[in-house]
Amino acid sequence: MKAKPVLKAIIFKVLFLLIVIFVTSCRKSNSIESNLKKNEAFSKNDKEEVEAFFFIATANVGKTIISKSQIAQQKSSENSIMILGKKIERNQSRLLQEVTELANKKLIIISEINATHRRDTYDLVTAKNSSEFNRVYLRAMKKCLEEQIQLLETVSKETNDKAILKLVLKYLPEQFDLLREIEQTIKKGIN
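Residues numbered from 1 in each chain as written. Predicted model: local features only at pLDDT ≥ 70, side-chain atom pairs only at ≥ 80, totals over all residues. Heavy atoms only, no water.

### Comments concerning the overall build of the protein chain
Consideration 1: Within the protein chain one finds 5 helices and 0 strands.
Consideration 2: Overall, the protein chain shows an N-to-C arrangement of helices and strands of α-α-α-α-α.
Consideration 3: Burial status across the protein chain gives 32% buried among its 191 residues.
Consideration 4: If you take every contact in the protein chain between residues at least 6 apart in sequence, the share linking residues at least 24 apart comes to 80%.
Consideration 5: Carbon and sulfur atoms provide 59% of the accessible area of the protein chain, an area that totals close to 12,700 Å². (Helix = DSSP H or I, 4+ residues; strand = E, 2+ residues; numbered from the N terminus. Buried < 20%, exposed > 50% of the residue type's maximum accessible area, 1.4 Å probe, protein only. Contact = heavy atoms within 4.5 Å. Areas by Shrake-Rupley, 256 points an atom, 1.4 Å probe, with all protein chains shown as cover.)

### Some points on the side chain of Gln92
Consideration 1: Along the chain, Gln92 falls in helix H2 (residues 79–105).
Consideration 2: Of note is the side chain of Gln92, whose polar atom sits 2.9 Å from the side chain of Gln148.
Consideration 3: In this structure Gln92 touches Gly62, Ile65, Ile66, Leu145, Gln148 and Gln175, once residues within four positions along its chain are discounted. (Polar contact = N/O pair within 3.5 Å; in protein donor to acceptor, adjacent residues only side chain to side chain.)

### Things to note about the packing of H2 against helix H5 (residues 162–188)
Consideration 1: It is the contact of H2 with H5, at a shortest axis distance of 11 Å, that shows an interaxial angle of 165 degrees. In terms of orientation, H2 lies roughly antiparallel with respect to H5. Relative to H5, H2 is oriented so that their crossing is left-handed. Within the contact between the two elements, H2 uses Ile81, Leu84, Lys87, Ile88, Asn91, Gln92, Arg94, Leu95, Glu98, Val99 and Leu102 and H5 uses Ala163, Ile164, Leu167, Lys170, Tyr171, Glu174, Gln175, Leu178, Glu181, Ile182 and Thr185.
Consideration 2: For the contact of H2 with H5, a count of residues per class yields 12 nonpolar, 4 polar and 6 charged. (Axes fitted to C-alpha atoms, helices over the stretch in contact; angles between N-to-C directions. Parallel < 35°, antiparallel > 145°, perpendicular 65-115°, else oblique. Left-handed = near helix turned anticlockwise from the far one by under 90°. Nonpolar A, V, L, I, M, F, W, Y, C, P; charged D, E, K, R; others polar.)

### Focus: the packing of helix H4 (residues 130–158) against H5
Consideration 1: Between H4 and H5, whose axes approach to 9 Å, the crossing angle comes to 155 degrees. Between H4 and H5, the angle is such that the two are roughly antiparallel. As for how H4 packs across H5, the hand of that crossing is left-handed.
Consideration 2: Residue composition of the contact of H4 with H5, grouped by class: 16 nonpolar, 4 polar and 4 charged.

### Thoughts on unusual backbone geometry
Consideration 1: Even without being a glycine, Leu107 presents a positive backbone phi close to 60 degrees.
Consideration 2: Note on placement: Leu107 falls in the loop between H2 and helix H3 (118–125).

### Some details on the environment of Leu95
Consideration 1: Along the chain, Leu95 turns up in helix H2.
Consideration 2: Taking the relative accessible area as the measure of exposure, Leu95 reaches 1% and is therefore buried.
Consideration 3: Once the C-alpha coordinates of Leu95 and Thr58 are considered, the two residues, 37 residues apart in sequence, prove to be 8.8 Å apart.

Structure follows, in structure tokens:
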């Protein structure tokens, strides 16, 4: 009879130890899950950071392109450059408006736009003659559009946001068309 209570005590101790081990392992898996959730929060922050950088950089480049195109419309003596400048300005104004609206929906405010291409703008304003002005303008536009294309391609690879991808699909082909048109104008050697 004494063997039964000892056997029962051993079984209870083993069951108790199994329950304790099971409970502690569940707690560890919960901490792993919470760490995964924390990592997801950080990845969302990285995604938001990429999107914010895209919106701000695109707005900066767009504003720069618009200002240079306005100068070209006023200062160029070539009709083809003035028409190209107007076409680029309209395209960039639409892109800038959509980027600003999309950024506002995501609670990203683009309040201050930096003039990152001040040297190019200075070179445009101080061009000695019409031929030099046209050359400087076309080179500056080519450089800015290449930068903008790079931004659009990069954000399309780094985000899955449908609104941003739709924006990229809408404007990327237009940017390539404008770039081709500028390159053809450069090859023609407009004076």
